[in-house]
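The primary structure of each chain is shown beneath.
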Amino acid sequence: MSHLNAIAVRISSFKQLTQLHAQIIQHSLHHDNYWVSVLISHCTRLCAPPSYARLIFDSSHQPNLYAFTNMLKFYSHTGAHHHVINLFQNMRLSNVMPDAFVFPILIKSMEKEAVMLHAHLIKLGHQCDRFVRNAIMYMYAKYGPIYFARKLFDEMPERMVADWNSMISGYWRWGNEVEAGSLFNIMPERNVITWTAMVTGYSKARDLVTARRYFDQMPEKNVVSWNAMLSAYSQNGFAEEAMRLLNEMVVDGVQPDETTWVAVISACADRADAKLASSLMNMLNQRSVKLNYFVKTALIDMYAKCGDLAAAKNIFEELGAYRNVVSWNAMISAHTSVGDLSSARELFDRMPSKDVVSWNSMIAGYAQNGQSTMAIELFKKMISSNHTKPDEVTMVSVISACSHLGALELGNWALNIIDENQIKLSISGYNSLIFMYSKCGSMKDAERIFHKMKTQDVISFNTLITGFAAQGDGFAAIDTMRKMKEQGFQPDRITYISVLTACSHAGLLEQGKKVFDSITNPDVDHYACMIDLLGRVGNLDEAKNLITRMPMVPHAGVYGSLLNAARIRKRIDIGEFAASHLFKIEPENSGNYVLLSNMYASMGRWGDVERIRGKMKLLGLKKATGWSYVEFDGKLHKFIVGDKAHERSNDIYKLLMELRKKMRIAGYIADKESVLRDVEEEEKEEMVGTHSEKLALCFALLVSESGAVIRIVKNLRVCWDCHEAMKIISKLEGREIIVRDNNRFHCFNDGSCSCKDYW
DNA sequence: TTAGGGTTAG
């Protein structure tokens, strides 16, 4: 069969492999363990689909040690560790004795069972074999505890470069930069692998300057070292540097390989630039780059991020049997990023196996598209399925969902899960917790988390300040910015926006002016905040003047602030001025019409109200409807305007009637201007049933203990009539009611609200 | 037949 052997040594593509396979079948040699082994080892090298490799393996009626070893190597190479372990069991059942070459493969696939295996190996007498001992050391370096690896390393009678390299990459994996560096410094000789490990280590530690220094100092470079540096740039978001390095590499005469292209494609993906993507595709075509499944998966992501879902889908279909969990995940996020959650969910439900990234992609997809309840539901499913453990990324999405819902109980539950699973939080993980507590109105908890952090970043400070701003605590916001500066952090544009907002909510005109004057280059958003502040304290003419003095074109937020201030102060002239601009800038936004109409309504100018409503109707604009949420018994109860779907709906409407009666008896007159008008007539109004806040409030009154504080979250602005109703109800029922709208808190107590500038 | 580079999620 020498001609088959001659073909076998020349195989360089999957197609050639299948042709050889066909010939082997023709010669009835496919049961022969020799050919089974040869074919499977080619499968490993060419990344063939697992089903194909397994088909070859299964055609051997009695696999021998070599067939088993090659199949184990294949599974190990593709990361199918559970298959490695299963196949090893089969091997033992078939009475094939493993040798010293099998154990390193097996060890690579084991995690916690490893210690037991170590003991087992000593019994079998393989302890002294250099490869086995080395594999055990590598295993400890990878899965920990790293000091076991170090112990084996120190006990070695002689150490080769590979042993040093194992230890160095092990230390990097466990984040021990110091030990990795000191081994690097004392080792007797280094090779290109040692240097590359250092480049990658510093890259993973996000220290690109040092990574580059090691890269530049390398005595020799190969394609892998170039790829390491290129990936360092790509993974840390330096697309330009990556492209520049690719050029240098080509100029240096190094031939890029598939891995090079994967890094380049993923750098382009981050830029989300369709033009760049197509020029890159041209380059790949010109060089006739072989597209393996890594390259194709990277391309799926790039097309998805550039918004070309059809192209992404094509490549995904093309992958066929090569589809793996990563390509499925890439497709899921391709769909969530354009907001197509149902297609994403369909893929998620259909995929053959899921990993933590699959769950995270889907949960984040819901969380980022405003489907917070779905995000939490899916997370509960993940926990109860017990297959995949959540990690920090999962928890950040879940906590973000809790934040948007103001779900404090669920947020605390999520925090418990973090503790139970000992999930280590990074700065952004802690920041998401600060955000959650701020959004739930627990500034004490937000500050507690803030102080628990070893190091904070600008975002930590900004999140805390935004929390104070929502509470209307201007002084705390200003004080936090002061501390931030003392600790050497430079406030950024978000910091100033938050502090100015806080001043605005608290009516701190002088302090706000001082902050505004301290901004070196105020942008349009800072002007908007300043105009909001001037407006809320009643300096409407000054606010209008400031707009004319702005060095840039005002955006909708600027006029929106002015309109809102005009409504509060009942300044029709300014309101109509602001509205006329808004109708030009964003004709589709019904909110501006509603604001203007509310201003007329609050002054009893019902003719104008009708006129504005008529205009809205003509333009086909409908008042935006938002949800109101109440957390009770570990669940979120949500209500929309006119909602009759809730299981306690009958009781809710009964209570609403009773409240109305009480209000009338207490002397709140039912004329057009009072809150009762709305309660009685809202059913008749276009699109409007009872507002969601009122339904949520009645539900909360029904289920909560008497005297307990009531918390409601509305994802839009609180309606003016609801705002009035809440004041009255807080007095009549003797209850404290806290309502969070999209960016601030209203605390109703004994007939008044903590905000003095709202309606 | 031990050591270095690759795709996806916040």
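Keep in mind that what you see is a predicted model, and the values were worked out from it rather than measured.

K.L.:
Any chance you could break down the overall build of chain A for me, citing the residues and the numbers?
P.N.:
When its secondary structure is counted, chain A shows 42 helices and six strands. In terms of overall dimensions, chain A has C-alpha extents of about 100 × 55 × 50 Å along its principal axes. Across the 759 residues of chain A, 50% fall into the buried class. Approximately 36600 Å² of chain A is accessible, and the part contributed by carbon and sulfur atoms is 53%. The average position of the 86 basic charges and that of the 82 acidic charges among the side chains of chain A differ by 1 Å.

K.L.:
Help me get a handle on the protein's contact with DNA strand B, residues and values and all.
P.N.:
Lining the immediate environment of DNA strand B, one finds 45 residues, of which K73, N134, N222, N227 and D257 sit closest. Among atoms of DNA strand B positioned within 4 Å of the protein, sugar and phosphate together represent 44%. At a separation of 3.4 Å, a base nitrogen of DNA strand B approaches a polar side-chain atom of T259. At 3.1 Å from a phosphate oxygen of DNA strand B is found a side-chain nitrogen or oxygen belonging to D301. In the surface near DNA strand B, the residues fall into 15 nonpolar, 21 polar and nine charged.

K.L.:
Any chance you could break down the packing of aromatic side chains for me, citing the residues and the numbers?
P.N.:
Evaluation of the coordinates by the stated rule reveals 24 aromatic pairs. Centre to centre, the rings of Y559 and F577 are 6.2 Å apart; their planes meet at 70°, and the pair counts as edge-to-face. Remark: F577 occurs in helix α36 (residues 572-585) and Y559 occurs in helix α35 (residues 556-568); sequence separation between them is 18 residues. You can call Y559 buried: its relative accessible area is 7%. Residues F639 and F699 carry aromatic rings whose centres are separated by 5.6 Å and whose planes lie at 50° to one another, so their mutual orientation is tilted. Residue F639 is located in strand β2 (residues 635-639), and its partner F699 is located in helix α41 (residues 692-703); the two are separated by 60 residues in the primary sequence. Considered together, F639 and F699 belong to a single accessibility category, that of buried residues. An aromatic cluster is built from W172, F184, W195, Y202 and Y214, whose rings are joined through pairwise contacts. The ring of F184 has R190 lying over it, and the distance from NZ or CZ to the ring centre is 4.3 Å.

K.L.:
Could you give an account of the pairing of strand β4 (residues 737-740), naming the residues involved and the relevant values?
P.N.:
Burial of the side chains of β4 extends over both faces: I737 and V739 are buried on one face and I738 and R740 on the other. With four bridges joining them, strand β3 (residues 710-714) and β4 adopt parallel strand pairing. Bridge pairing in β4 links I710 to I737. Handedness of the β-α-β unit built from β3, helix α42 (residues 720-733) and β4 comes out right-handed. Across four bridges, the pairing between β4 and strand β5 (residues 745-749) is antiparallel.

K.L.:
How would you explain unusual backbone geometry if you had to name every residue and give the values?
P.N.:
Its identity is not glycine, yet N95 carries a phi of approximately 60°, on the positive side. Mapped onto the fold, N95 is located in the loop between α6 (81-93) and α7 (102-109). Residue classification places N95 among the exposed positions, given a relative accessible area of 70%. We note that D633 has phi near 60°; this positive angle belongs to a residue other than glycine. Structurally, D633 can be placed in the loop between β1 (628-632) and β2. The class of D633 is exposed, set by a relative accessible area of 59%.

Scoring rules and cut-offs
- Residues numbered from 1 in each chain as written.
- Chains lettered and ligands numbered in written order.
- Predicted model: local features only at pLDDT ≥ 70, side-chain atom pairs only at ≥ 80, totals over all residues.
- Heavy atoms only, no water.
- Helix = DSSP H or I, 4+ residues; strand = E, 2+ residues; numbered from the N terminus.
- Buried < 20%, exposed > 50% of the residue type's maximum accessible area, 1.4 Å probe, protein only.
- Areas by Shrake-Rupley, 256 points an atom, 1.4 Å probe, with all protein chains shown as cover.
- Lys, Arg positive; Asp, Glu negative; His and termini not counted.
- Charge placed at Lys NZ, Arg CZ, Asp CG, Glu CD.
- Near = heavy atom within 4 Å.
- Polar contact = N/O pair within 3.5 Å; in protein donor to acceptor, adjacent residues only side chain to side chain.
- Nonpolar A, V, L, I, M, F, W, Y, C, P; charged D, E, K, R; others polar.
- Phe/Tyr/Trp six-rings, centres within 6.5 Å; stacked < 30°, edge-to-face > 60°.
- Lys NZ or Arg CZ within 6 Å of the ring centre and 35° of its normal.
- Pairing = 2+ DSSP bridges.
- Right-handed = clockwise from strand over helix to strand, strands pointing away.

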